[in-house]
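Here are the chains, one letter per residue:
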Amino acid sequence: AVKGAVSAVYALSGDIKTDVIGDAAAKGLCGSGAIDALALMKTSGTIDETGRILEGPHTVEVDGAPAFRIAEGILMTQRDVRRIQTAKSAIAAGVLALLHRAGLTADQLDAVYLAGGFGNYMDGESAIAIGLLSPEFRHILKNIGNAAGAGAGMALMKSEYIAEHRRIADAAQHVELSTDAYFME
């Protein structure tokens, strides 16, 4: 997410529109923009149910295959879609594995926090549209920014937060997904 990165992609009156970091010319695509682009491709019928890019009004041919044109010089290729599908599947499986480990279902959660430089700017509806996040999360998603930095600042400003931080740290459990049978399945 640097100056010139497309951070959001959306359709307006049939045209593809983008938000670019630093109000500069688009020269790349960051994670939130990639999720938006894929969601738009899905909802507009530019990709089929398997993720294969179809020819359409916003596609161009690159090396004999269709690619989705996001902005001048910024394309989403079939290889890009497959890479996002792989990452999305791992994240979605991780969420399911953590819910399973906790003995919970998605509808039992009170909140799902999207934090950090990526999570804070991720559009929840786009993430749901591509299957990254469960539709059950729709009304409980909260973009909270730099949670680690905010927590550290809270501890520095008021000592009573230190006890709360310790309580949370003591209750936390490390889950190694690479050895978790449910995740691997």
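For clarity, every value in this text was computed on a predicted model and none was experimentally measured.

1. A word on the overall build of the protein chain
Helix and strand counts for the protein chain stand at seven helices and eight strands. Of all 185 residues assigned to the protein chain, the portion counted as buried reaches 31%. Within the protein chain, contacts between residues separated by at least 24 positions form 54% of all contacts whose residues are at least 6 apart in sequence. Accessible area of the protein chain: about 11500 Å², with a carbon and sulfur share of 54%. Placing the 16 positive and 22 negative side-chain charges of the protein chain at their respective mean positions leaves the two points 4 Å apart.

2. So, the side chain of D36
Mapped onto the elements of the fold, D36 is located in helix 1 (residues 31-43). With no salt bridge to any partner, buried D36 finds its closest opposite charge in R138, at an N-O distance of 12 Å. In this structure the side chain of D36 is engaged in a polar contact, spanning 2.7 Å, whose partner is the side chain of S126. Look past the residues within four positions of D36 in its chain and what remains in contact with it is S7, A8, V9, D123 and S126.

3. Here's the deal with the environment of I84
With respect to the secondary-structure elements, I84 resides in helix 2 (residues 78-102). For I84, a relative accessible area of 17% gives the class buried. Distance from I84 to L132, taken between C-alpha atoms, is 9.7 Å for residues 48 residues apart in sequence. Other than its neighbours up to four places away in sequence, I84 contacts A34, L38 and M76.

4. So, the pairing of strand 2 (residues 15-20)
Bridging between strand 1 (residues 5-12) and strand 2 involves six bridges; their strand directions are antiparallel. Residue pairing across strands places L12 opposite D15, the latter belonging to strand 2. The hairpin turn running from strand 1 into strand 2, its antiparallel successor, is two residues long, and S13 in that turn takes a positive phi close to 50 degrees.

5. Structural notes on the sheet that holds strand 2
Spatial strand order, 2-1-3: three strands in an open sheet with mixed pairing. With partners counted over all chains shown, the strands left at the sheet margins are strand 2 and strand 3 (28-29), one partner each. Looking at chain direction, strand 1 and strand 3 are connected through two bridges and run parallel. Paired with V6 across the bridge in strand 3 is L29. Of the strands in this sheet, strand 1, strand 2 and strand 3 touch helix 1, which is tilted by about 25 degrees from strand 1.

Cut-offs used in this document
Residues numbered from 1 in each chain as written. Predicted model: local features only at pLDDT ≥ 70, side-chain atom pairs only at ≥ 80, totals over all residues. Heavy atoms only, no water. Helix = DSSP H or I, 4+ residues; strand = E, 2+ residues; numbered from the N terminus. Buried < 20%, exposed > 50% of the residue type's maximum accessible area, 1.4 Å probe, protein only. Contact = heavy atoms within 4.5 Å. Areas by Shrake-Rupley, 256 points an atom, 1.4 Å probe, with all protein chains shown as cover. Lys, Arg positive; Asp, Glu negative; His and termini not counted. Charge placed at Lys NZ, Arg CZ, Asp CG, Glu CD. Salt bridge = Lys/Arg side-chain N within 4 Å of Asp/Glu carboxyl O. Polar contact = N/O pair within 3.5 Å; in protein donor to acceptor, adjacent residues only side chain to side chain. Pairing = 2+ DSSP bridges. Axes fitted to C-alpha atoms, helices over the stretch in contact; angles between N-to-C directions.

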